Amino acid sequence: MEDKGSPGLRWILSFASIIALLRLAHGDLSYSIPEEMKRGSVIGNVAKDLGVDLRTLSSRKARIDVEGTRKRYCDINMSTGDLITSERIDRENICGKKASCVLKLKLVLENPLELHRVTLVIQDVNDNSPQFNDDNIRMEIRESAEKGSRFPIEEAHDADIGQNAVQRYDLQSNDNFVLSVDSNKVELVLQNKLDREKKNDLDFILTAYDGGSPQRSGTVVIHVTVLDANDNAPVFSQDLYKASLPENSPLDTVVIKVSATDADEGVNGDVTYQFPRQTNDELDFFSVDSKTGEIKLSASIDFEERSSFEMRVLAKDGLGLTSYAKVIIEVTDVNDNAPVIDLKSLSASIPENVSPGTEVGIINVQDRDSDNNKQVRCFIQQSVPFKLVPSIENYYSLVTTDQLDREVVSDYNITITATDEGSPPLSSSKSVHLSVADINDNPPVFGEQSYSAYVTENNRPGSSLCSVTARDPDWRQNGTVVYSLLPGEVNGAQVSSYLSVNGDTGVIHAVRSFDYEEWRSFKVQVMARDNGSPPLSSNVSVSVFISDVNDNSPQILYPTPEGNSFMTELVPKAAHGGSLVSKVIAVDADSGQNAWLSYHIVKSTDPGLFTIGLHSGEIRTQRDISESDSMKQNLIVAVKDNGQPSLSATCSMHLLISDNLAEVPELKDISYDDKNSKLTWYLIIALVCVSTFFLTFIIIILGVRFCRRRKPRMLFDGAVAIPSAYLPPNYADVDGTGTLRSTYNYDAYLTTGSRTSDFKFVSSYNDNTLPADQTLRKSPSDFADPFDDLESSVEVGLTFS
């Protein structure tokens, strides 16, 4: 007898090769291989045979699935595409005595899903020797047995099939018995009568041979005891018994009853039953009642583990004659296995921009039952944007049905349910967790359509004005927002010279101090950009409004406070109460209440003689001029704004109460200080002298004309436009606030403070007033001609050039 590791087996395996390679329809493959190939042996190159690019095997997750078992007999070499053995393949263990042993595999490829059936036809190798159930066969035969009597012997068993199974028997040469073999049984045939007195025990060897190459054999020793009587052996009612038994049947269930009879009487006719000692494990599952012949279940059986049992039952009479019968028990399937859901492939995360119909997972459903009990329906009960699409056999593709949006739903817990068609049906469920991977598909969105920032002028550089906020529903860097100012100009300067924005928080800071009087508002654009690839952005406008601060004192336009000059105006002695004498004109560069001006006389020569309009600045007489009033009237006017705190400016107004220049005191009394040059003094003295001479003449003529009038006409009833040069730029003209109105006009001015001043006779609105377009120069010779034809009153004024 040879064992499995013999040199003969290795010789067979060394010459074993793939017998056939058949390319089936739909890309299916079939290989024929010998059993007992070494691990790592190459079966075939599936990549080449299927025409699959070798470089894509790994990326497509090529793998082998085995039907009906958890053992993985084969695997794929990703680098070569070879189908190789990964475990010992034992045909007898896989298929038993079946004539054809087929191992069904599935080659699975993903992206896209492909399923190729790979059939391995396992060829038998003579790796098992014939074996008898017992090492010794003991028989008791009466010496009275006739020639030709037949005595059955249990056959030898060989786990191999076909030619490698038991092919012949050889009985050791002896004087009494020969061997009779047919397809169903092996018998000893008595050739010569036995004689107990000569020899009461006989021993000879029976050898069984298979047909393999090299040939294997097994032996058993037959021991015959010669007895005096018992001519008949037990006889079974049938040579072959068949029964079926549902799986999961309770223990001690009677499967079948065998029966044998013996023609002898008494003890020789008493038949007992037993299982002969066997090499397989049938005795672990069944027991036989020695008296009744009932075969009972002694251990739980599972159709999915083993679907049939084959055994021999021995019947023996009281004196040792035996006979054998074969029992075949078929196990029937019961729907006792719920479907098993196996995730063959599942994407860890799914990009949210995948199109509907994208495959995200492969699911395999197995039911170990058979027939209808194995038919499975697989479905998803939840309302989710996924569905199961039947693919190949018991494979399903998990595909998307709608567009995914991570910002709406970021995770899905999908329950997959599988139900078989058994009665009653069994089902199972499996939860699948899918995460939606973020794609940068959302730009940052500002919380408001536009932003407004309010800042007072003279702010500190670096102070915060406002904060903008943008939200990006994307995840991680796709949702991280960075703020920046868009390039642009404000009043001809780059926007970055005015404002800055914190890139992380969106807080906008002032880079410089603002001046309301320079500009009152401006607008910038802020961009919010995420860190995705490519980045997305959005813009928002930010309007900055600068509010006024009372930082500008009122500016007096008239009388002009420049230098040391001062204004002097003539007031007729006949002026009545309420007569307009002059007007103080002032403006304020601020706005609003900060520019509301009020006028006050803070000091005057005669406090009860003149008053000033609180908001108009008009200086008027409070009463009629009397002879006792001083000719020289000095007023100090303060102009205040309405800011907090209030700012003010003052000016001096010099008034002369006189009807003619002859009454005017020496101009030297209202001259410049000693620091003026001597030339100026000489010119003033000369001018005064010449003027006095001519004014005396003019006063006489005017006095005659005035005496003819019933009521003296007020000197200052006309209007002279104030030159626009008095108005500084950017000053607002606000009615009723004390700022300059272009409609105010005044008549006569007299000053000696300006070196470049001219005397000018200004026309009055009185039709009887003599027009005077000529200007008196500072030379005395220039005063002669203009007074030759004077017939009306003349107003004398001094204007600034």
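Above: the structure in question.
Every value quoted in this text rests on a predicted model; they were computed, and no experiment measured them.

Draft legend 1. Looking closely at empty space enclosed by the protein. A complete count under the given rule lists three cavities of 30 Å³ or more for this structure. Volume-wise, the largest cavity comes out at about 40 Å³. Along its surface, the largest cavity is lined by M139, E140, I141, F151, P152, A233, G320, L321 and T322. Its residues assigned to classes, the lining of the largest cavity comprises six nonpolar, two polar and one charged.

Draft legend 2. Spatial organisation of the pairing of strand β27 (residues 359-366). By the criterion of burial, β27 is predominantly enclosed, with six of the eight residues buried. Bridge analysis of strand β25 (residues 340-346) against β27 gives six bridges, and the strand direction is antiparallel. The residue of β27 that forms the bridge with S345 is I362. Relative to strand β30 (residues 395-400), β27 runs antiparallel, the two being bridged by five bridges. Note on β30: the bridge partner recorded for G361 is L398.

Draft legend 3. Layout of the environment of K147. Examined against the element boundaries, K147 turns out to sit in the loop between β9 (136-142) and β10 (150-153). Taking C-alpha positions, K147 is 9.5 Å from F177, a pair spaced 30 residues apart along the chain. Dropping the residues within four chain positions of it, K147 is found in contact with L190, Q191, N192 and K193.

Draft legend 4. Expanded view of the state of the cysteines. Tallied over the entire structure, the rule returns one disulfide. Note on cysteine connectivity: C95 is disulfide-linked to C101, with sulfurs 1.9 Å apart. Measuring the twist about the S-S bond at about 70°, one finds the C95-C101 disulfide to be right-handed. The residues C95 and C101 share a single accessibility class, namely buried.

Draft legend 5. Structural context of the sheet that holds β10. Pairing is antiparallel in the open sheet, where three strands are placed in the order β10-β13-β12. In this open sheet, the two strands that pair with only one neighbour each are β10 and β12 (177-181). Going across the sheet, the axis of each strand differs from the next one's by a mean of 30°, ignoring polarity. For β12 and strand β13 (residues 186-190), the ladder comprises five bridges, and the chain directions are antiparallel. Within the sheet, the bridge partner assigned to S180 lies in β13 and is E187.

Draft legend 6. Spotlight on the side chain of R63. Inspection of the secondary structure puts R63 in strand β4 (residues 63-66). Residue classification places R63 among the buried residues on the basis of a relative accessible area of 14%. One polar contact links the side chain of R63 to the main-chain carbonyl oxygen of K344, over a distance of 3.3 Å. Residues within four places of R63 in sequence aside, it is in contact with I76, K106, L107, V108, E110, K344, S345 and I362.

Draft legend 7. Highlighting the nonpolar core. The biggest cluster of nonpolar side chains holds 29 residues, and the ones touching the most others in it are L499, F514, F522 and V542. Here V542 is in contact with Y451, C466, V468, I508, F522, K523, V524 and V526, once residues within four sequence places are set aside. With 27 residues, the next largest nonpolar core counts V258, F275, M311 and V327 among its residues.

Draft legend 8. Summary view of the pattern of salt bridges. Counted under the stated rule, the structure contains 17 salt bridges. For the salt bridge of K344 with D342, the shortest nitrogen-to-oxygen distance reads 2.9 Å. With a relative accessible area of 23%, K344 lands in the partly exposed category. Taking relative accessible area as the criterion, D342 reaches 32% and is therefore assigned partly exposed. Among the charged side chains, a network of salt bridges with common partners joins E36, R88 and D90.

Draft legend 9. Spatial organisation of the side chain of E457. With respect to the helices, strands and loops of the structure, E457 is situated in the loop between β34 (450-456) and β35 (464-467). Buried and unpaired, E457 has R520 as its nearest opposite-charge partner, separated by 9.0 Å. Here Y516 takes part through its backbone nitrogen, which lies 2.9 Å from a polar atom of the side chain of E457. A distance of 2.7 Å separates the side chain of E457 from the backbone nitrogen of V549, its partner in a polar contact.

Calculation criteria
Residues numbered from 1 in each chain as written. Predicted model: local features only at pLDDT ≥ 70, side-chain atom pairs only at ≥ 80, totals over all residues. Heavy atoms only, no water. 1 Å grid on protein atoms, 1.4 Å probe; cavity = no way out; pocket = protein on both sides within 12 Å on 5 of 7 lines; lining within 4 Å. Points joined across faces, edges and corners; volume = space filled by probe spheres on them. Nonpolar A, V, L, I, M, F, W, Y, C, P; charged D, E, K, R; others polar. Buried < 20%, exposed > 50% of the residue type's maximum accessible area, 1.4 Å probe, protein only. Helix = DSSP H or I, 4+ residues; strand = E, 2+ residues; numbered from the N terminus. Pairing = 2+ DSSP bridges. Contact = heavy atoms within 4.5 Å. Disulfide = S-S within 2.5 Å. Axes fitted to C-alpha atoms, helices over the stretch in contact; angles between N-to-C directions. Polar contact = N/O pair within 3.5 Å; in protein donor to acceptor, adjacent residues only side chain to side chain. Core = buried A, V, L, I, M, F, W, Y, C linked by side-chain atoms within 4.5 Å. Salt bridge = Lys/Arg side-chain N within 4 Å of Asp/Glu carboxyl O. Lys, Arg positive; Asp, Glu negative; His and termini not counted.

Purely geometric numbers; function is a separate question.
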